[in-house]
Amino acid sequence: MPVLTLYDPNYHVGHLFMECMKKRPNAICQIDAATGAQESNESVLQRSVRLARCFRRLGLRPGDVLALGGRNHLDLHIPYYAALMNGLPISGVDPLFKYDEIKSHFQISRPKVAFCEKETFADYKEAARVLELDTFVFTFDGESSMKEFIEKYDDCKSIDDFEPAIFDLDKVYLWLASTGGTGGILKLAAIKHKVWLHKVLNFVMNLYKNADDGFSENDRSKSVLNISPIHWISGLFNALKSIISNQIKVQTSALLTTEHLIDIINNYKPASTLMSPSLITSILKHEKKCDLTSFDSLLITEKCSSILFLVDPVTGKDITAPNTPGELWNKPTCFSEYYNNPDETALVFSEDGYYKTGDILYRDEKDNFFFVERLKMLIKYRNYHIIPLELEEVIRTHPGVQDVSVTGIPHAVDGDWPVACVVTKPGAKVLAKEIEDLVADKLSDSKRLRGGVIFMDQLPYMSTGKLARGKLRQMVIDIKNKI
C-alpha cells in the first residue's frame, strides 16, 4: 500500500500521528512525573499499533466510539492513539464519574469499546449492561486489562506492515468532547478528522520545515505540561499537540495537588501548559516557591481564522457598538454537531450556519474581544465545570424536597463552591446533611456541596416562569456574608 501524504484526500490524524512518531523514534514521548517513568516515541507507537490491530480483530470499524476514562498515566493515551489510526471517535470520560454519571455518558456515546481504571470497571460494565450495549470494557491494570487483551489478540507482526484505516473524513468524528453546553445537560461536541486537520495544516507544515533545527531528542526544555483530564477538550487536544509539536508530554498519575504541581514545574521546567486563573493564583499563594520562568505562556489560547461577531441574545440583532456585551457567534468552527442530539444541535446554529457559542463577550474600539461570562451560568470549582441542573436532579430525588436550585458562591482559591437552595414539602423535616450526603453519594467529589445547604420558603422566579438564577446567587452571597 502506498504511503499517503499530507495532501492526500484520505490522509487523516492517524496518519499524522504515525508519521510524527516514526520521524523521531528515540525521542522521549511522555513522562509520568509521579513515578519518573518515561517512554520513547518508538515504544508508544509499538504499543498503540498492537492495540489498534487488536481492535480490528474484535471487529471494530471506523465510526465505532471509544470511551476513555483514566488518570494521566503512561497507559492512558495508548487506546487514544490506537483509536486515531482506526477511525474510532474518542470520547473522554471523567475518571471520577460514578455509575449514574457513566450511564448518562454511555446513553449518548454508545461506545463499542471502553477503557477505565479498575475502580470503575464494575460501573462501566453495569452501565453497558443496563443500556443493552455490546461494549467491550477493559482496565489499565485490573480485571480484563489492556496488557492481557493485547497479548491475547495481537498477531505480533511488524508495525511496518500496519497502515491506518481508510474512511470518509467528512463522516467520521475525531473527538466527542464532553460539555454541559448552555442547556445544563451533558452533551458531546463532535469534531471531525478533516475539519481539525485543515485547521492545523499550516502549523504542521511549519513544524515539518523546522523539525530538526536546534532540537535535541532528549531536550527537556521542549516539554509541555499536560494537567488536563482526558474528558476536557484541552486533554484531548494536548495528547496530539505534544506529538506534532515534537514536545515531551509531562503529566502525572498522582492526585494533582498544588504542591505536587509546583514540584513538577520546578523539576521539569515545561515550556507551556494550560492553566486556569484560579490554579495560577493557588500556585502563586503557596508557601513553596515555584519557578515559572521556563514557560513561554501560562495561559494558552488556540486561535483560528474565524468570522466573529456579537449578537444581542434577546433581540438577535448584531452588536456593532464597542463595549457592549453580546453572545459570540462564529464561523467556521471545528464543532460539527452534538452527537446523537439533533435538537440541541439545531439550537446552537443559526439559519446561515453560525455557531452560537453561549459566551458573553464585548469588543473594544480596537476590535479586541473580552470574555464576560457564560450565557447560562455554570459553577466553576477549581478546574471543574459543574452543571447546576445535574445536582438539582439528584437533590429532587429526596422525598422531602419540593423545589431546589444550585448556585455558586465565590471562593478565594477554588473559584466557586456549590450551594443548594432547598424548598421543603409542607410538613417535611429535612436536614442539610441529608442533602449533602445524597450529592456526595451520587456524584463526583468535585460536585460536593462545599457551600452548604440553605433552606428557603420559595425560590425567586421571573415573570416568564424561569428561575432568576442571577438574583438567587446574589441572595445566597448576601446570606453567607451575614453568617
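Residues numbered from 1 in each chain as written. Predicted model: local features only at pLDDT ≥ 70, side-chain atom pairs only at ≥ 80, totals over all residues. Heavy atoms only, no water.

Engineer: Quick question: what am I supposed to make of the pairing of strand β8 (residues 187-192) here?
Structural biologist: Note on strand geometry: in a regular strand, side chains alternate between the two faces of the sheet. Along β8, five of the six residues are buried, which leaves the element largely enclosed by surrounding structure. With six bridges connecting them, strand β7 (residues 173-179) and β8 associate as antiparallel partners. Each residue of the ladder has a partner; that of A177, found in β8, is A189. Across three bridges, β8 lies against strand β14 (residues 335-338) in antiparallel orientation. Pairing of I191 across the sheet is with F335, part of β14. (Buried < 20%, exposed > 50% of the residue type's maximum accessible area, 1.4 Å probe, protein only. Helix = DSSP H or I, 4+ residues; strand = E, 2+ residues; numbered from the N terminus. Pairing = 2+ DSSP bridges.)

Engineer: Got a minute to help me understand the confidence of the model for the protein in this structure?
Structural biologist: Regions with low pLDDT should not have their predicted coordinates read in detail. In the predicted model, the protein carries a mean pLDDT of 86, and the fraction of residues at 70 or more is 86%. Confidence drops under pLDDT 50 across residues 209-221; counting only partners more than four residues distant or on other chains, this segment forms 19 contacts. Of the regions scoring below 50 in pLDDT, residues 299-305 engages in 12 contacts with residues more than four places distant in sequence or in other chains. (pLDDT = per-residue confidence, 0-100. Contact = heavy atoms within 4.5 Å.)

Engineer: Is there a simple way to think about helix α9 (residues 233-244) in this case?
Structural biologist: Counting along an α-helix, one turn takes 3.6 residues, and residues three or four places apart therefore face a common direction. Spanning 12 residues, α9 covers 17 Å between terminal C-alpha atoms, matching the ideal 16 Å at 1.5 Å per step. The buried fraction of α9 amounts to 11 of the 12 residues, a majority that puts the element mostly inside the structure. Looking only at α9, the buried set comprises S234, G235, L236, F237, N238, A239, L240, K241, S242, I243 and I244. Of the residues flanking the end of α9, it is N246, one or two places downstream, whose phi is positive at about 55°. (Expected span 1.5 Å × (residues − 1).)

Engineer: What should I look at first to understand the packing of helix α4 (residues 99-109) against helix α5 (residues 121-130) in this one?
Structural biologist: In a pair of packed helices, the angle between the axes and the distance between the axes together describe the arrangement. One way to put it is that α4 packs onto α5 with a least axis distance of 9 Å and a crossing angle of 50°. Taken together, the axes of α4 and α5 are oblique relative to one another. The hand of the α4/α5 crossing is right-handed. Touching Y99, I102, K103 and F106 of α4 are D123, Y124, E126, A127, A128 and V130, all from α5. A class-by-class count of the residues in the contact of α4 with α5 yields seven nonpolar, no polar and three charged. (Axes fitted to C-alpha atoms, helices over the stretch in contact; angles between N-to-C directions. Parallel < 35°, antiparallel > 145°, perpendicular 65-115°, else oblique. Left-handed = near helix turned anticlockwise from the far one by under 90°. Nonpolar A, V, L, I, M, F, W, Y, C, P; charged D, E, K, R; others polar.)

Engineer: Where do I start with the environment of P89 in this structure?
Structural biologist: Summarising the element assignment, P89 is placed in the loop between α3 (77-86) and β4 (90-92). Overall, P89 belongs to the buried group, its relative accessible area being 1%. For the pair P89 and L174, spaced 85 residues apart in sequence, the C-alpha to C-alpha distance is 4.8 Å.

Engineer: Sorry, what's going on with the sheet that holds strand β1 (residues 28-32) here?
Structural biologist: To summarise the sheet geometry, strands pair through backbone hydrogen bonds and adopt either a parallel or an antiparallel arrangement. The strand order β2-β1-β10-β9 describes an open sheet built from four strands, whose pairing is mixed. Two strands in the sheet have a free side with no partner beyond their single neighbour: β2 (38-40) and β9 (223-225). Taken over all neighbouring pairs, the strand axes of this sheet differ in orientation by 20° on average, direction set aside. Taken together, the three bridges between β1 and β2 define a ladder with antiparallel strand orientation. What sits directly across from I28, in β2, is S40. Those strands touched by helix α10 (residues 258-268) are β1, β9 and β10 (248-251), and its axis lies near 170° from that of β9.

Engineer: Explain the packing of aromatic side chains to me, please; I cannot follow it from the model alone.
Structural biologist: Aromatic rings considered in pairs are described by the distance between their centres and by the relative angle of their planes. Going through the model one piece at a time under the given rule, you end up with 19 aromatic pairs. Measuring from centroid to centroid gives 5.9 Å for Y173 and Y339, while their planes differ by 85°, and the two rings are edge-to-face. One end of the pair, Y173, is in strand β7; the other, Y339, is in the loop between β14 and α12 (342-348), with 166 residues separating them in the sequence. Y339 matches Y173 in its accessibility class, with the two residues each being buried. We note K187 situated over the ring of Y338; from NZ or CZ to the ring centre the distance is 5.3 Å. (Phe/Tyr/Trp six-rings, centres within 6.5 Å; stacked < 30°, edge-to-face > 60°. Lys NZ or Arg CZ within 6 Å of the ring centre and 35° of its normal.)

Engineer: Any chance you could explain helix α15 (residues 469-482) here in plain terms?
Structural biologist: Taking 1.5 Å per residue, 14 residues should reach 20 Å; α15 reaches 20 Å between its end C-alpha atoms and fits that length. Among the residues of α15, those classed as buried are L472, V476 and I477. Buried residues along α15 cover an arc of 140° about the axis, so they all sit on one side. Residues of α15 that are exposed and angled more than 90 degrees away from the buried face: K471, N481 and K482. Buried residues along α15 sit in contact with β19 (401-411), β20 (415-424) and β21 (453-455). (Arc of directions from axis to C-beta.)

Engineer: Would you take a moment to explain unusual backbone geometry for this structure?
Structural biologist: Across residues other than glycine, the phi torsion is negative in most instances, and most of the peptide bonds are trans. Although it is not a glycine, E132 sits at a positive phi angle of roughly 60°. Within the secondary structure, E132 sits in the loop between α5 and β6 (136-139).

Engineer: Hey, could you run me through the side chain of D64 in this one?
Structural biologist: Following the sequence through the fold, D64 ends up in the loop between α2 (41-58) and β3 (66-68). At a separation of 2.7 Å, a polar atom in the side chain of D64 contacts the main-chain amide nitrogen of R61. Once residues lying within four places of it in the same chain are set aside, the contact partners of D64 are G59, L88, P89 and K112. (Polar contact = N/O pair within 3.5 Å; in protein donor to acceptor, adjacent residues only side chain to side chain.)

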